[in-house]
Amino acid sequence: MYHITKDYIRKGNSRSGQRINKVRFIVSHDTGNPGSTAYNNQRYFNNSQPSASAHTFIDDKYILEIIPLTEKAWHVQYNKPRDNQLFGADANDAAIGVELCHGGKINFNEAYKRYVWYHAYLCKKFNLQPQKHIVAHKTLDPQRRSDPESALNRYGVTWSKFINDVEKEFNNDGKKELIGKKEEDDVLDKAILIGGFPDFAVAEVLAARIKAPIYTRAAYPGGKVTKELYVVGGSTAGLQADKVINLSGEDRFAVAEAVNKFLG
Ligand SMILES: [Zn+2]
């Protein structure tokens, strides 16, 4: 299985925060922008906030979710009728949009493997079937779009080969876990736990630097929430993480000093 990185863009034109009631299908896209990586796209959507978006960008290094799968993204025009005919809903309201990054320095085989794997993963996660519930953007908007087939074809992959590859991966999950036992998917990469409200200001500086959410003690769910846990104030006793980074101290000033020292 591959690791899924969640680095969500801020709310704005690209990310309304509106909830998806039920995920009914998946729309496959490519970025149409050769050489632009998953993180190039994340930064573009975060900063420029165009009123178009997609949930996930995949290149040869990252499977990068930039919009939570519980929220809507704007990846197929609402006035196109085909999604309603096929699935009884507009793609933006009921589908996950997945973008393949390709071209330039991006290794196609590595990106393609991740793209296939992620589609199979989504099918498992939302109880969908690869042959039935994955649709190309081109199919929904043939006048304007040719993705992702235009990109796949360039590397000798047809749409039916792609769907078959997803199906194979989907059926393969006895051998290679698609969804990890520990629901790896729901474990954050990094999180910050503060001791109390006085630690919040300095925790915010750290949060901006390492791009991690801040939890208060009261709101912290417990168990393994994150791989790396930054403790900004208070005890580290009983906390579960692969790595606990202790930035606590005697009082709020010592905590601030520890954080500043860490930030360098
Ligand atoms: Zn598209």
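Residues numbered from 1 in each chain as written. Predicted model: local features only at pLDDT ≥ 70, side-chain atom pairs only at ≥ 80, totals over all residues. Heavy atoms only, no water.

Observations concerning the nonpolar core
Ranked by internal contacts, the top residues of the largest apolar core, which has 44 residues, are I96, V98, Y118, L122, I134 and F162. Among the elements of the structure, α1 (38-48), β3 (56-58), β4 (63-65), β5 (95-100), α4 (108-125), β6 (134-136) and α8 (159-171) are those that each provide at least two residues to this core. Leaving out residues up to four positions away in the same chain, V98 has contacts with I26, V27, S28, H29, T56, I58, Y115, Y118, H119 and L122. Among the nonpolar cores identified, the runner-up in size contains 16 residues, and A207, I210, I245 and V255 belong to it. (Core = buried A, V, L, I, M, F, W, Y, C linked by side-chain atoms within 4.5 Å. Buried < 20%, exposed > 50% of the residue type's maximum accessible area, 1.4 Å probe, protein only. Helix = DSSP H or I, 4+ residues; strand = E, 2+ residues; numbered from the N terminus. Contact = heavy atoms within 4.5 Å.)

Notes on the domain arrangement of the protein chain
The domain boundaries assigned to the protein chain delineate domain 1 (5-171) and domain 2 (187-263). The gap between the C-alpha centroids of domain 1 and domain 2 is 34 Å. (Domains from an automatic or database assignment.)

Some remarks on the sheet that holds β5
With mixed pairing, six strands are arranged side by side in an open sheet as β1-β4-β3-β5-β2-β6. Each edge of the open sheet is held by one strand with a lone partner, namely β1 (5-6) and β6. By the bridge criterion, three bridges tie β3 to β4 in an arrangement that is antiparallel. Across the sheet, the residue bridging to T56 is E65, located in β4. In this fold α1 packs onto β1, β3 and β4, with an angle of close to 150° to the strand it touches most, β3. (Pairing = 2+ DSSP bridges. Axes fitted to C-alpha atoms, helices over the stretch in contact; angles between N-to-C directions.)

Considerations on the coordination of the zinc ion
Within the first shell, the zinc ion binds the protein through H29 (ND1), H137 (ND1) and D147 (OD), at distances of 2.0 to 2.1 Å. Summarised as a motif, the one-chain spacing of the donors to the zinc ion is H-x107-H-x9-D. With H29 in strand β2 (residues 25-30) and D147 in the loop between α6 (137-140) and α7 (149-154), this pair connects stretches of sequence that are 118 residues apart. Pair check on accessibility: H29 and D147 agree, each one buried. (Donors = N, O, S within 2.8 Å, 3.2 Å for Na, K, Ca; no water.)

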